[in-house]
Amino acid sequence: MNPVVAIIGGGPAGLMAADVLSHAGVKVNLYDSMPSVGRKFLMAGKSGLNLTHAEDWNLFLSRYAEQEHKLTPILNAFTADNLRTWAQELGVDTFVGSSGKIFPVSMKAAPLLRAWLHRLRMQGVNFHMRHRWIRWDGQDNLVFHFPEGEKVVHADAVIFALGGGSWARLGSTGEWVHEFHKKGISVLPLKPTNCGFDVLFSPLFFERFSGEPIKSIRAKFVDSQGLAFDEMGELVMTETGIEGSLIYQLSALLREELSRKGSAIMYLDLMPHQTFEQLLGKLTQPRAKRSFSTHLKKQLGIDGVKAGLLREALSKNEMNDLAIICRTLKALPLKTIAPRPIDEAISTAGGMDFEALNEALMLRQAEGVFCAGEMLDWEAPTGGYLLTACFATGRWAGLGALAWLKNKEK
Ligand SMILES: Cc1cc2nc3c(=O)[nH]c(=O)nc-3n(C[C@H](O)[C@H](O)[C@H](O)COP(=O)(O)OP(=O)(O)OC[C@H]3O[C@@H](n4cnc5c(N)ncnc54)[C@H](O)[C@@H]3O)c2cc1C
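What counts as what
- Residues numbered from 1 in each chain as written.
- Predicted model: local features only at pLDDT ≥ 70, side-chain atom pairs only at ≥ 80, totals over all residues.
- Heavy atoms only, no water.
- Helix = DSSP H or I, 4+ residues; strand = E, 2+ residues; numbered from the N terminus.
- Buried < 20%, exposed > 50% of the residue type's maximum accessible area, 1.4 Å probe, protein only.
- Contact = heavy atoms within 4.5 Å.
- Lys, Arg positive; Asp, Glu negative; His and termini not counted.
- Charge placed at Lys NZ, Arg CZ, Asp CG, Glu CD.
- Domains from an automatic or database assignment.
- Buried area = accessible area lost by both parts, 1.4 Å probe.
- Pairing = 2+ DSSP bridges.
- Axes fitted to C-alpha atoms, helices over the stretch in contact; angles between N-to-C directions.
- Near = heavy atom within 4 Å.
- Polar contact = N/O pair within 3.5 Å; in protein donor to acceptor, adjacent residues only side chain to side chain.
- Areas by Shrake-Rupley, 256 points an atom, 1.4 Å probe, with all protein chains shown as cover.
- Nonpolar A, V, L, I, M, F, W, Y, C, P; charged D, E, K, R; others polar.
- Expected span 1.5 Å × (residues − 1).
- Patch = residues over 30% accessible without salt bridge, like charges linked within 9 Å, V, L, I, M, F, W, Y side chains within 5 Å.
- Salt bridge = Lys/Arg side-chain N within 4 Å of Asp/Glu carboxyl O.
- Left-handed = near helix turned anticlockwise from the far one by under 90°.

**Side note on the overall build of the protein**
No. 1: Secondary structure assignment for the protein yields 14 helices and 19 strands.
No. 2: For the C-alpha atoms alone, the extent of the protein along its principal axes is close to 90 × 45 × 40 Å.
No. 3: Counting the 410 residues in the protein, one finds 51% classified as buried.
No. 4: Considering only residue pairs separated by 6 or more positions, the protein has 68% of its internal contacts joining residues 24 or more positions apart.
No. 5: Charge centroids of the protein, computed over 45 positive and 43 negative side chains, lie 6 Å from each other.

What follows is the structure, given as structure tokens:
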């Protein structure tokens, strides 16, 4: 008899698992709690869908930090190039941006999702929307809440692709963690990553500068374990602190330091293309009758939010000392006090413990039950690494389920 696979979660990971299995002729029932699938994927497309990255493959793999080795075979089986070919087969051409990031030509997720869903339907995937998985019953069947009540589903194999815990309004609420714990499955606490951080700026600073970007700066940070970060990039002032791509890259280190120490000080080099001596040389030029603010702007181009940061960091007295000003422009301390709540984060760290899964991403304690996507315990910066790993693990879990079903038939 043709086996039936239940996939729970219709994000990139679940859809990829459905693609692999339905292509192989397996009957797939895909369940999602929302009225439609791929809501976070569509949201990702709003700011330019960064599918993957064109950098050197070893560097790419290193982005997954502690889980690099667990994910390497999975990503090697579905590389950035494979992802581009896959998108092209769905009629979506991609391009490499100047930073190496890869986007669909349209920059959007909707055309890709539309073509993909069409193919999945053609391959026979049945979509069951507004079906929220709530628990296992005593016989390990799946119990769903749906508009008419509760439904018990038996499947020959199951793939969970429930996402992390951010942007809950798009479907991934992280509620699954509780049910998995109840079953004795090891799940690490979900934590925000690629997130903003709170900083104790003055109310006046927030009032004047929230929403202001700062481009081409360098951020440096060394945590209490000696792990160092030193990268160029840009950040944005928010209503409570800072966010932006440079901060997202640093978010794992900052978050862990905050949980250990309660605060973490990073340093910004606001003038990375000039040395301290060059800055001081320019600032000691006679300023005639100009105000100091005008002098700072004219000599160093420091005004607006950068001048605001300087005034936040220095006392009135220190603002009279040109050497202190130049030293601070090269290493402005920013004391972060907390990551933003998980719901605001781009993605989630923590999740399904890899130790609870075998190499095929199947639960060691539940034969035929696989997990994929952001719900697994890995994290990576923005840059296309998140989606690539979701696609790759979804595909891997789909292939794992296929192999497991074939083996069972023997
Ligand atoms: C604003 C934003 C921008 C982003 N931009 C990018 C980007 O450009 N590039 C990039 O690589 N990544 C980006 N990401 C991250 C990326 O979108 C996610 O990592 C990815 O969508 C995760 O895929 P997933 O399939 O694991 O989970 P999800 O996409 O979260 O899908 C999980 C699905 O499971 C369903 N579900 C959850 N619980 C249940 C349940 N109990 N029962 C039934 N269904 C359930 C949800 O409704 C959802 O449809 C962005 C994220 C955000 C929030």
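**A short note on the domain arrangement of the protein**
No. 1: Partitioning the protein into structural domains gives domain 1 (4-192 + 347-409) and domain 2 (197-339).
No. 2: Computed from C-alpha atoms alone, the centre-to-centre distance between domain 1 and domain 2 is 39 Å.
No. 3: Domain 1 puts six residues into the contact, and the matching count from domain 2 is six residues.
No. 4: Together, the buried faces of domain 1 and domain 2 total about 500 Å²; carbon and sulfur atoms form 52% of this surface.

**Considerations on the pairing of strand β5 (residues 101-104)**
No. 1: Note that strand β3 (residues 52-53) and β5 share two bridges and pair antiparallel. The partner of H53 across the bridge, within β5, is K101.
No. 2: Relative to β5, strand β4 (residues 94-96) runs antiparallel, the two sharing three bridges. When the bridges of β5 are listed, T94 appears paired with P104.

**Regarding the sheet that holds strand β14 (residues 228-237)**
No. 1: An order of β12-β15-β14-β13-β16-β17 is seen for the six strands of this closed barrel, with the pairing classed as antiparallel. On average, each strand axis in the sheet is inclined to that of its neighbour by 45°, with strand direction left out of account.
No. 2: Docked against the sheet, helix α9 (residues 245-261) engages β12 (197-199), β13 (213-222), β14, β15 (241-243), β16 (264-269) and β17 (332-339), running at close to 115° with respect to β14.

**Structural notes on the site of the ligand**
No. 1: Around the ligand, a shell composed of 30 residues is seen, among which D32, N50, W133, E374 and L387 lie nearest.
No. 2: In this structure, an oxygen atom belonging to the ligand sits 3.0 Å away from a main-chain N or O atom of A13.
No. 3: Compared with its free state, where it exposes 1000 Å², the ligand has 95% of that area covered by protein.
No. 4: Its residues placed into classes, the shell around the ligand shows 14 nonpolar, 12 polar and four charged.

**Observations regarding helix α1 (residues 12-23)**
No. 1: Spanning 12 residues, α1 covers 16 Å between terminal C-alpha atoms, matching the ideal 16 Å at 1.5 Å per step.
No. 2: Counting buried residues in α1 gives 11 out of 12 residues, a clear majority hidden from the surface.
No. 3: P12, A13, G14, L15, M16, A17, A18, D19, V20, L21 and S22 are the residues of α1 that are buried.
No. 4: G25, located one to two residues past α1, shows a positive phi value of around 90°.

**Some words on a nonpolar patch on the surface**
No. 1: Where nonpolar side chains cluster on the molecular surface, the patch consists of F95, V105 and M107 and spans about 240 Å² of accessible area.
No. 2: Its place among the elements puts F95 in strand β4.

**Quick word on the packing of α1 against helix α14 (residues 385-409)**
No. 1: Between α1 and α14, whose axes approach to 7 Å, the crossing angle comes to 40°. When the axes of α1 and α14 are compared, the crossing they make is right-handed. Where α1 approaches α14, its residues P12, A13, M16, A17, V20 and L21 are matched on the opposing element by L387, C390, F391, G394, R395, G398, L399, A401 and L402.
No. 2: Residue composition of the contact of α1 with α14, by class: 12 nonpolar, two polar and one charged.

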